[in-house]
Amino acid sequence: MKTRITQLLGIRYPIIQGGMQWVGTAELASAVSNAGGLGVLTALTQPTPEALAREIARCREMTDQPFGVNLTILPSAKPPPYEAYLDAVIDSGVRVLETAGNSPVAFIEKAKRGHMRIVHKCTSVRHALSAERNGVDAVSIDGFECAGHPGEDDVAGLVLIPLAARALRIPVIASGGIADGQGLAAALALGAEGVNMGTRFCATVEAPIHDDIKRALVNAGERDTQLIFRSFRNTGRVLKNAISDQVVATERRSGGCEFAEIHPLVAGQRGRAALHSGDVDGGLVWAGQVVGLVNDVPSCEALVQRMVAECQEALASAARRAGMPEAAVLQEA
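It should be emphasised that the depicted structure is a prediction, and the values quoted were computed from it without experimental measurement.

Rules used in this analysis
Residues numbered from 1 in each chain as written. Predicted model: local features only at pLDDT ≥ 70, side-chain atom pairs only at ≥ 80, totals over all residues. Heavy atoms only, no water. Patch = residues over 30% accessible without salt bridge, like charges linked within 9 Å, V, L, I, M, F, W, Y side chains within 5 Å. Areas by Shrake-Rupley, 256 points an atom, 1.4 Å probe, with all protein chains shown as cover. Salt bridge = Lys/Arg side-chain N within 4 Å of Asp/Glu carboxyl O. Helix = DSSP H or I, 4+ residues; strand = E, 2+ residues; numbered from the N terminus. Disulfide = S-S within 2.5 Å. Buried < 20%, exposed > 50% of the residue type's maximum accessible area, 1.4 Å probe, protein only. Pairing = 2+ DSSP bridges. Axes fitted to C-alpha atoms, helices over the stretch in contact; angles between N-to-C directions. Arc of directions from axis to C-beta. Contact = heavy atoms within 4.5 Å.

This next bit is on a nonpolar patch on the surface. Together, Leu158, Val159 and Leu163 make up a nonpolar patch on the protein surface, roughly 290 Å² of accessible area in all. Take Val159: it is sitting in helix H7 (residues 157-167).

Next up on the list: the state of the cysteines. What the rule picks out here adds up to zero disulfides. Considering cysteine sulfurs only, Cys122 is the nearest to Cys146, which forms no disulfide, with 11 Å between them. Classification of Cys146 as buried rests on a relative accessible area of 5%. Free of any disulfide, Cys202 has its nearest cysteine sulfur in Cys300, 10 Å distant. Look at Cys202 and you get buried, because its relative accessible area is 6%.

It is worth spelling out the sheet that holds strand E6 (residues 138-142) at this point. Across the sheet, eight strands lie side by side as E1-E8-E7-E6-E5-E4-E3-E2; this open sheet has parallel pairing. Only two strands of the sheet have a single neighbouring strand rather than two, namely strand E1 (15-17) and strand E2 (39-42). Along the sheet, successive strands turn relative to each other by an average axial angle of 30°, direction set aside. Relative to strand E5 (residues 117-122), strand E4 (residues 96-101) runs parallel, the two being bridged by four bridges. In the sheet register, Leu97 faces E5, and the bridge partner there is Ile118.

Attention now goes to helix H13 (residues 268-277). Of all the positions in H13, only Gly271, Ala274 and Leu275 are classed as buried. For H13, the buried positions fall inside an angular range of 100° around the axis, keeping them on one side. Contacts from the buried residues of H13 go to helix H10 (211-219). Phi turns positive one or two residues past the end of H13, at Gly278, with a value near 90°.

So, on to the side chain of Thr3. Inspection of the secondary structure puts Thr3 in the segment before helix H1 (4-9). Its relative accessible area of 11% is what places Thr3 among the buried residues. Beyond its immediate chain neighbours, meaning those up to four positions away, Thr3 contacts Pro14, Leu188 and Glu193.

On to helix H4 (residues 82-91), then. Along H4, the residues that are buried comprise Tyr82, Tyr85, Leu86, Ala88, Val89 and Ile90. Against the buried residues of H4 lie helix H3 (49-62), strand E3 (67-73), E4 and helix H5 (105-113). Gly93 occupies a position one or two residues after H4 and carries a positive phi of about 80°.

Printed below as a string of structure tokens:
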């Protein structure tokens, strides 16, 4: 499959593994890259820039294909040393940087000097246009269905993806709500030139997550996520469990709540422990509505190959239904 995204990133298929805290390690990233997509390490999963450099080296031992590093920039009273993490990425020779959270403008020039391609992840067209003006090479646009932080506009991918594709000159990657080849075909039809998947890649053999968590994702339906942090205008979508139920109940309490009241429930280390122990109710498990489409735990290789075949069949089937030449549609894809 050839799109501007495959050409930009040097990959065989326009399928990107989202940068996920605690999950974006060498095991998963290398498996996705070996399968022909773009695996992504998560910088802040590593405790220090030096540890990130070691993880990059470990990933390079496991794949000779391109992979990227995610750097999520968030407001904090005591921010991590973002620039030092970026230096570790550049010094390690990684050529793809995925940014998310706040604007990456402070780091774009340095990343460009390091010969990096920058993919910025955002949740609105206005932020995507700002990223384009600031010089990023592609935008990953997150619909309201996504896991993590979908923003505060509540615009779903079916509307957001074509709006972004029409507004931007740089390539658009569709993110949120995609788990299979039909989703990839739909994204291409909407004007995107690739897809980004997080929740789907969590339910793979190589994901560094306990099997009980993977089974919970497989068993969940599309109604088994919920929105937290709405009262703080920092909305997050997570899997329904005892912890998220308690967070939502506290936020909806008459008179509201202070973040300090729920902080012990939502602490990142508690979520990390749940992912590793398999205790589904032990902490937050971030997941998108796409869990309704996740029904097995394949290897990354099997998942990517299946998606490509499903995408080609979906495009051909759509062409047949529309009375169009299949060969022309598949050649375009």
